[in-house]
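Geometric and topological summary
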Amino acid sequence: MRALVAFVLFSSLALAEPPRFPVPANAEAWKALPNPPLPAWARAVSASLPKTAAKMLELDDLHRTSSPLGKALAAKLRWVASDAVSSRFGKAIAEFDAKAAGISKEQLEAFADPKVPLGAFARKMALAADSITDAEFKSLLEVHGPETMVGIVHALAYAGFHDRMLLALGCEPEKDPVPPLGRTFDAKWYDAIATPARDKMPDRTAVPGPSTATFDWKDLTGKKMPDELATQRKRPLRVPLPPEDKLAFMTEASRARTLKIVWSHVSQGYQPKMTGAWFAAMNQMQAEAKIDQVFTNTLFWIATRTNRCFY
Amino acid sequence: MGHSEMLLAVAGLDDEQVRKLTAMLARGEWSAFSKEDQIAFRFTHKLTGQPASITDADVKELIAAYGRHRAMDIIWYVSWCNYMTRVGDGLQLPLESTNVFGPAPKKEKP
């Protein structure tokens, strides 16, 4: 019996011995390992909006590696959209992804030919989306169907978003383009990250003086603006409204909210992955920046007026 | 545009305030706003309409007015607006007839 007790005690002591090799904490271990490279834009955003930068990387991954449109079409659309707004970084990303998908530079240029309907659509979406006619859209819809067309619109909307970030941040294309990150960030990661504190918003007291508006919007002042909104209310949707059962993956509360907003209903119904990744980035930014809503929606109004988007 | 007006209402402006604000913006009467607001408005207009023409001076001016982090917030937000409008315009979504973002939050009485 004594021998048995001694054996158990010895075994317990043996288990309590230090590990043969030190096992550092997770964060320490990561310092010693080569982390995957991050693109310049993500590094720039991470200094102010670290959690948003993570969501943007996930969104970027979706569009570049697992787009419902396929890698080849996604790269072609991005190339034309970035070319239209002179985003060299955006074009470099598209060329990198096109090469990985087996698409040559010549094929990209051929797609951008104004005679190619989808290439012409992509260019118009980048430069003046309001100028796309119902007839142009209908002819593409007959070929591609609503699901793909909504996906194409979201891919080009993402390009419009991302190219503006790249151009405003002044990011130059990397000598060796950075491949998609290929990872997601879990809740623990987000919990451990702190967002830098913001400066107080400046005093918004008016300063009498000359106006600094830099446009001529006289064409729509007075009564014409409400007319444009009324016209937009009567517009027929260019794709059929997706049936409600397409939103079966959502909770009841989310579905009810989504059904009220045409933007969300069409996007979630036809392209839930693209829409979900976009909303995740957008919601993260809103939570992280906590910026005054009157101020941001005033900027939204100016952007919609500039784009002549009356929705 | 319809949605931005709905969201201004959700943010707390009443109908008359939304109408006055957007009428001033549309007419270019920006002198009624602060210097910093006008900088943000100009930046929004330029990044939306001519993104490749954004210069170092434009960004420096934005940072001087708002600080580095808030300037990043503004750049992100304006780019976000351009995602939303491309979907709205590309699909020509019909504008809803009521405020789909819900009523303005009730202000608590002091």
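Up top is the structure.
This text gives an overview of the structure that appears in the document. The structure presented is a predicted model; accordingly, all values stated were derived computationally and were not measured.

Here we come to the overall build of chain B. A count of helices and strands for chain B gives five helices and zero strands. By its C-alpha atoms, chain B is 45 × 40 × 30 Å across when sized along the principal axes. A total of 110 residues make up chain B; the buried ones form 63% of that total. Entry remark: accessible area of chain B is about 4,600 Å², with carbon and sulfur atoms responsible for 54%. Distance between charge centres in chain B, computed from 13 positive and 14 negative side chains, equals 4 Å.

Moving on to the overall build of chain A. Counting secondary structure elements, chain A contains 15 helices and zero strands. A compact globule built from 311 residues should have a C-alpha radius of gyration of about 19 Å, whereas chain A, at 25 Å, is more than 25% larger. In terms of overall dimensions, chain A has a C-alpha envelope of 100 × 55 × 45 Å along the principal axes. Here chain A holds 311 residues, and the buried ones make up 45% of them. Across chain A, the fraction of contacts at a sequence separation of at least 24, relative to all contacts at a separation of at least 6, is 75%. In chain A, which carries 40 positive and 33 negative side-chain charges, the distance between the mean positions of the two groups comes to 2 Å.

For the rest of this paragraph, the subject is the packing of aromatic side chains. In the structure shown here, the tally under the stated rule is 18 aromatic pairs over all chains. Each ring, one from F215(A) and one from W30(B), has its centre 5.2 Å from the other, and the planes form 55 degrees; the classification is tilted. Taken together, the positions of F215(A) in the loop between α10 (187-192) and α11 (224-234) and W30(B) in the loop between α2 (15-27) and α3 (35-49) put the pair across two chains. Overall, the relative accessible area of 0% leaves W30(B) in the buried class. Ring geometry for W263(A) against Y83(B): centres 6.3 Å apart, planes inclined by 40 degrees, an arrangement best described as tilted. Of this pair, W263(A) sits in helix α13 (residues 262-270) while Y83(B) sits in helix α5 (residues 68-90), placing the two residues on different chains. The residues W263(A) and Y83(B) share a single accessibility class, namely buried.

This next bit is on the interface of chain A and chain B. In this complex, chain A contributes 92 residues to the contact, which on the side of chain B involves 72 residues. Summing both sides of the interface, chain A and chain B together bury roughly 7,900 Å²; the carbon and sulfur share of this comes to 69%. Among the residues chain A hides against chain B, the three largest losses belong to R164(A), W301(A) and Y311(A). Together they make up 10% of the total. Here chain A is connected to chain B by two salt bridges. With its nearest N and O atoms 2.6 Å apart, the salt bridge here joins R198(A) to D73(B). Taken together, chain A and chain B are joined by 34 residue pairs in polar contact (both at pLDDT 80 or more).

This paragraph deals with unusual backbone geometry. All names here are of chain A. One non-glycine residue with positive phi stands out, namely S86, at about 55 degrees. Within the fold, S86 resides in the loop between α5 (71-84) and α6 (88-100). Under the relative-accessibility criterion, S86 is labelled partly exposed at 48%. Positive phi outside glycine occurs at K290, with the angle close to 45 degrees. Note on placement: K290 falls in the loop between α14 (272-289) and α15 (293-306). Looking at K290, the relative accessible area reads 65%, which means it is exposed.

This brings us to the packing of helix α8 (residues 117-128) of chain A against helix α9 (residues 134-169) of chain A. All names here are of chain A. The interhelical angle for the contact between α8 and α9, taken along N-to-C directions, is 40 degrees, at an axis separation of 9 Å. By the angle between their axes, α8 is oblique relative to α9. As α8 runs across α9, the sense of the crossing is right-handed. Taking contact as the criterion, the partners of P117, L118, F121, A122, K124, M125 and A126 in α8 are, on α9, E136, F137, L140, H144, M149, I152, V153, L156 and R164. For the contact of α8 with α9, the per-class residue count stands at 12 nonpolar, one polar and three charged.

Calculation criteria
- Residues numbered from 1 in each chain as written.
- Chains lettered and ligands numbered in written order.
- Predicted model: local features only at pLDDT ≥ 70, side-chain atom pairs only at ≥ 80, totals over all residues.
- Heavy atoms only, no water.
- Helix = DSSP H or I, 4+ residues; strand = E, 2+ residues; numbered from the N terminus.
- Buried < 20%, exposed > 50% of the residue type's maximum accessible area, 1.4 Å probe, protein only.
- Areas by Shrake-Rupley, 256 points an atom, 1.4 Å probe, with all protein chains shown as cover.
- Lys, Arg positive; Asp, Glu negative; His and termini not counted.
- Charge placed at Lys NZ, Arg CZ, Asp CG, Glu CD.
- Rg over C-alpha atoms; globule rule 2.2 N^0.38 Å.
- Contact = heavy atoms within 4.5 Å.
- Phe/Tyr/Trp six-rings, centres within 6.5 Å; stacked < 30°, edge-to-face > 60°.
- Buried area = accessible area lost by both parts, 1.4 Å probe.
- Salt bridge = Lys/Arg side-chain N within 4 Å of Asp/Glu carboxyl O.
- Polar contact = N/O pair within 3.5 Å; in protein donor to acceptor, adjacent residues only side chain to side chain.
- Axes fitted to C-alpha atoms, helices over the stretch in contact; angles between N-to-C directions.
- Parallel < 35°, antiparallel > 145°, perpendicular 65-115°, else oblique.
- Left-handed = near helix turned anticlockwise from the far one by under 90°.
- Nonpolar A, V, L, I, M, F, W, Y, C, P; charged D, E, K, R; others polar.

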